[in-house]
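What the coordinates show
Now for the letters of each chain:
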Amino acid sequence: MENLMANFNYVIVVVLMMIGLWSMLAQKNLIKKCIGMAIFQTGIILFFISIGAKDNALVPILAEAANHTYAVPDVAKIANPLTQILMLTAIVVGVATLGVGLALAQKIYQQHSSFDEDEILENQRK
Amino acid sequence: MREQLPIVIILGPLLGAVLAAFTGWFRPKLSHPLVVVGLAISFAAALKLVFIVAAVGAQEYWLGGWGTKPGHGVVGIQITVDHLNTLLLAAVSGIALLTALYTKRLVDTELAGRQRYFYALFSLLVTGLLGITITGDIFNLYVFMEIAALSSYALIAYGRGRAYMAAFNYLIMGTMGACLYLLGVGFVFAKTGTLNIDDVSAIVPALGQSQALFVGFVLILLGAWAKMAFFPFHGWLPNAYAHAPTASAALLAPLATKVAVYTMLRVMVTVYSIDYINHSPGIQSAVLYLSSIAIVVASFFSLTQTNLKKLASYIVLSEIGYMVGGAWLANKPGLTGAMVHVVADAAMTSALFMAIGCIVYRLGQAQLDDLKGVFFKMPVTMAAFVVTMAALIGVPPTCGFFSKWYLIQGAAQAGVWHFVVALLLSSLVKAIILFRIIEIGYNRVPHPAIEGNPAIPRNEAPLSMLIPTVAMALGLIALGLGTSTLVNTIITKALPAALTP
């Protein structure tokens, strides 16, 4: 229990991903599927940020870096900037995917006047 | 120049895509030639690299010159051309080039007025696929995966009507796969602190049986499986490829799934080591059973289809079982078979969809019943089709025979008999399909000479489609005859050292 409390962010990550995965796979409404997708991606973003976070860490920017004259400080005290940069990319990818998903949902709605998967499949069978 | 070759492979189609999209505003006619030139440059570079890799060994390239810095380890993104990916790079760029030439007429009729967007997306998809294959960085691989995926959703949605729903289902499944992959990358990064494939593979053995690494491995594999439509994640594929425009399907079906299989091979062979699989026999045998089920179920579904495009999609599904199963046999002939089959199957599926495209172009539809008399109408196309089906069945000397031979050898060596049975059964089913099509195409019309009917007029597909189709079908035989050379000079060296005696 103590372990869980200390790592509560990971608990939230798991909860978010479960909600996302469930609504991607089990929901019948196309928009809810898209929302689930966004929640799932948010869970992953939070996961990456969590593994890069560190208590009382230094900012990973060194003023003298340009001319390579700095002495390398204790790496263990510097926060890892890489996870945040990776997630910047992942956010962009997520937005693009969500955009394409919603555009497709809109096209489907124009055809069938419905977001409900069962109704659409019923319509297509006719 | 030689050290710049790896990046040229990606830059060709990327610049082609950007230029095609922008020049499209004022010169729509320019977009097709621009894309073809980009792909041709990419193919030339990939072909040259095959010879360089065979002669000297792996070639590396650091993007922006950000290589390793003393005291810092890896700081840049690496792209590598080695024995594992060089053949696939040549295959992807070569097939893409032929398909681009082939689709000109199809796109002009099927997607009139939207050609420039189509070619921009086409080229972008190829960029993504080549990027996945060439990159030496597991996060970069995710980005290329999404570039390829986003363009393929759009390419499928061009089919309109039912294609929208098919594309939406693919989007949900594909995003789930990519997210699982990314989550796996997170576990690997948390444990090793690096994303560079060479670096990770150097660190992984030192960490021993780490549970976090194992979870990462499983998540990455699940992601790759969702992307390649491996059983039980296969639901999206048949609809997506059957309702997509023929021109999109001709590019997507041969390449998209094969590159996902390559991702799995790369993760199994290089990022983690093959020992990882040998240390978990429970998972290994489960995956082998899944592959056999995938092959058998997909084969029987293909038998029940009445639509030619759907039938071909189910054939693609069964072929995926071959490659996953071969890789998970984790012995020398099995892995060799999987690696040969990735290239061979890309060529076979491409030839199959090209032939189907020619038929659809002339007949307007792709129901099996419409094929009556097609052998008289389009003899050259159907000859290419029969050669392709023979390759899929595994008739020597086509490439399908040799890869299947390695796979069966591997399965026998590992004693996995259900996989052997599945492979043979799938060949049998494809033979039945071929004979059914021959029966419909030849015999379900009164023979002109006997019945005194007017002869069925020859109505071949246009030459711009026919030449790539025939070239691809001949390529299947050439690839078959060259298999032993390729295996000896390139693929054997891609196998993990632990396996090569």
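Position labels on residues start from 1 in each chain and follow its written sequence. Chain A is the first chain written and ligand 1 is the first ligand written, with later ones labelled in order. Only residues with pLDDT of 70 or above have their local features reported here, since the model is predicted, and side-chain atom pairs are shown and tallied only from 80 upward, although totals for entire chains, interfaces and linings are computed over all residues. Computation of side-chain values: all heavy atoms of the structure, hydrogens and water removed.

Focus: the overall build of chain A
The helix and strand inventory of chain A stands at 5 helices and 0 strands. Secondary structure elements follow DSSP: runs of H or I no shorter than four residues count as helices, runs of E no shorter than two count as strands, and numbering proceeds from the N terminus. Reading chain A from its N terminus to its C terminus gives the helix and strand order α-α-α-α-α. The classification of residues rests on relative accessible area computed with a 1.4 Å probe and restricted to protein chains. Under 20% of the type maximum is buried, over 50% is exposed, and intermediate values are partly exposed. The buried share of chain A, taken over its 126 residues, is 30%. Note on contacts: a residue pair qualifies if any of its non-hydrogen atoms lie within 4.5 Å across the two residues. Here the analysis covers contacts within chain A between residues at least 6 apart in sequence; of these, 54% occur between residues at least 24 apart. Note on areas: these come from Shrake-Rupley sampling with a 1.4 Å probe, and a residue is covered only by the protein chains present in the view. Carbon and sulfur atoms make up 65% of the accessible area of chain A, which amounts to about 7,800 Å² in all.

Overview of the interface of chain A and chain B
The interface is formed by 38 residues belonging to chain A together with 30 residues belonging to chain B. Summed over both partners, the accessible area lost on bringing two parts together, with a 1.4 Å probe, is the buried area. Surface buried jointly by chain A and chain B totals about 2,900 Å² across both partners, of which 84% is contributed by carbon and sulfur atoms. Here a salt bridge means any side-chain nitrogen of Lys or Arg lying within 4 Å of a carboxyl oxygen belonging to Asp or Glu. Run the count over chain A and chain B and you get 0 salt bridges. As used in this structure description, the phrase polar contact means that two N or O atoms lie within 3.5 Å; if the pair is within protein, one of them must be able to donate a hydrogen and the other to accept it, and residues adjacent in sequence are counted only when both atoms belong to side chains. Between the two partners, chain A and chain B, sit 0 residue pairs in polar contact (both at pLDDT 80 or more).

Here we look at the nonpolar core
Side chains of nonpolar character tend, in soluble globular proteins, to be buried together. Judged by nonpolar contacts, the single largest core of 216 residues is most densely connected at Met-228, Met-264 and Trp-328 of chain B. Counting residues per element, this core draws most heavily on helix α14 (residues 332–363) of chain B, at 20 residues. For the purposes of this section, nonpolar cores are sets of buried Ala, Val, Leu, Ile, Met, Phe, Trp, Tyr and Cys residues that join through side-chain atoms within 4.5 Å.

Comments concerning the pattern of salt bridges
All names here are of chain B. Applying the stated criterion to the full structure yields 7 salt bridges over all chains. In this structure, Asp-82 and Arg-266 form a salt bridge, with 3.1 Å as the shortest nitrogen-oxygen distance. Here Asp-82, found in the loop between β4 (78–81) and α3 (86–110), pairs with Arg-266, found in helix α10 (residues 246–271); they are 184 residues apart in sequence, far enough to count as distant. Overall, the relative accessible area of 15% leaves Asp-82 in the buried class.

Thoughts on the packing of aromatic side chains
Only Phe, Tyr and Trp rings are paired, with Trp represented by its six-membered ring, and only when their centres lie within 6.5 Å; those with planes under 30 degrees apart are stacked, over 60 edge-to-face, the remainder tilted. According to the stated counting rule, one finds 19 aromatic pairs over all chains in the structure shown. Seen from their ring centres, Phe-47 of chain A and Phe-48 of chain A are 6.0 Å apart, and the 90° between their planes marks the pair as edge-to-face. Phe-48 of chain A matches Phe-47 of chain A in its accessibility class, with the two residues each being buried. Geometrically, the ring pair formed by Trp-225 of chain B and Trp-328 of chain B is tilted, given 6.4 Å between the ring centres and 55° between the ring planes. With Trp-225 of chain B in helix α8 (residues 211–228) and Trp-328 of chain B in helix α13 (residues 308–329), the pair connects residues that are 103 residues apart, well separated along the chain. The rings of Phe-217, Trp-225, Phe-230, Tyr-272 and Trp-328 of chain B are connected pair by pair, giving a single aromatic cluster. Over a ring means this: the NZ of a Lys or the CZ of an Arg is within 6 Å of the ring centre and within 35 degrees of the ring normal. Directly above the ring of Trp-25 of chain B sits Arg-116 of chain B, whose terminal nitrogen or CZ lies 5.2 Å from the centroid.

Concerning the side chain of Thr-263 of chain B
Residues and elements named next belong to chain B. Within the fold, Thr-263 resides in helix α10. Thr-263 gets classed as buried once you look at its relative accessible area, which sits at 1%. Ignoring sequence-local partners within four residues, the contact set of Thr-263 consists of Ile-132, Leu-141, Met-145 and Tyr-181.

What to know about the pairing of strand β1 (residues 59–62) of chain B
Residue and element names in this part refer to chain B. Here β1 shows one buried face, formed by Gln-59 and Tyr-61, and one open face, formed by Glu-60 and Trp-62. With 4 bridges joining them, β1 and β4 adopt antiparallel strand pairing. Bridging from a neighbouring strand, Tyr-61 pairs with Ile-79 of β4. Whether two strands pair comes down to DSSP finding at least two bridges between them.

Observations regarding the state of the cysteines
Note on terminology: a disulfide is the covalent bond linking the sulfur atoms of two cysteines. Cysteine sulfur atoms are paired as a disulfide whenever they fall within 2.5 Å. Under the counting rule described, the total for this entry stands at 0 disulfides over all chains. There is no disulfide at Cys-34 of chain A, and the cysteine sulfur nearest it, in Cys-179 of chain B, is 13 Å away.

Comments concerning the environment of Ile-10 of chain B
Residues and elements named next belong to chain B. Relative to the helices and strands, Ile-10 is located in helix α1 (residues 5–23). Residue classification places Ile-10 among the buried residues on the basis of a relative accessible area of 7%. If near-sequence neighbours (up to four positions away) are discounted, Ile-10 is found in contact with Thr-127, Gly-131, Ile-134 and Phe-144.

Thoughts on the environment of Leu-495 of chain B
Residue and element names in this part refer to chain B. Within the element layout of this structure, Leu-495 appears in the segment after α20 (463–494). For Leu-495, a relative accessible area of 6% corresponds to the buried category. Taking the C-alpha atoms as reference points, Leu-495 and Thr-103, 392 residues apart in sequence, are found 36 Å from one another.

Thoughts on the packing of helix α4 (residues 115–134) of chain B against α10 of chain B
Residues and elements named next belong to chain B. What counts as an axis is a line fitted to C-alpha atoms, over the stretch in contact for a helix, and the angles between N-to-C directions run from 0 to 180 degrees. Closest axis-to-axis distance for the α4/α10 pair is 9 Å, and the angle between their directions is 15°. Here α4 is positioned roughly parallel relative to α10, judged by the angle of their axes. As α4 runs across α10, the sense of the crossing is left-handed. From α4, Phe-118, Phe-122, Leu-125, Val-126, Leu-129, Ile-132 and Thr-133 reach across to α10, where they touch Ala-247, Ser-248, Leu-251, Leu-252, Leu-255, Ala-256, Val-259, Tyr-262 and Thr-263. Each residue receives one of three labels: charged for Asp, Glu, Lys and Arg, nonpolar for Ala, Val, Leu, Ile, Met, Phe, Trp, Tyr, Cys and Pro, and polar for the others, Gly being one of them. Its residues placed into classes, the contact of α4 with α10 shows 13 nonpolar, 3 polar and no charged. Here the angle decides the label: under 35 degrees means roughly parallel, over 145 means roughly antiparallel, 65 to 115 means roughly perpendicular, and every other value means oblique. Crossings are sorted by hand: turned counterclockwise from the far helix by less than a right angle, the near helix makes the crossing left-handed, and turned clockwise it makes it right-handed.

What to know about unusual backbone geometry
Phe-231 of chain B connects to Pro-232 of chain B through a cis peptide bond whose omega is 0°. Relative to the helices and strands, Pro-232 of chain B is located in the loop between α8 and α9 (237–243). A cis amide bond links Pro-396 of chain B to the next residue, Pro-397 of chain B, at an omega of 5°. Within the fold, Pro-397 of chain B resides in the loop between α16 (379–393) and α17 (399–414). Positioned with a positive phi, Ser-113 of chain A is a non-glycine residue whose angle comes to about 50°. Within the secondary structure, Ser-113 of chain A sits in the loop between α4 (82–112) and α5 (117–125). Phi angles above zero are rare outside glycine, and Ala-229 of chain B is one such case at about 65°. Its place among the elements puts Ala-229 of chain B in the loop between α8 and α9.

Let's talk about the side chain of Ser-31 of chain B
All names here are of chain B. On the secondary structure map, Ser-31 appears in helix α2 (residues 31–56). Ser-31 sits in the buried class, given a relative accessible area of 1%. Excluding anything up to four places from it in sequence, Ser-31 contacts Ala-20, Arg-116 and Tyr-119.

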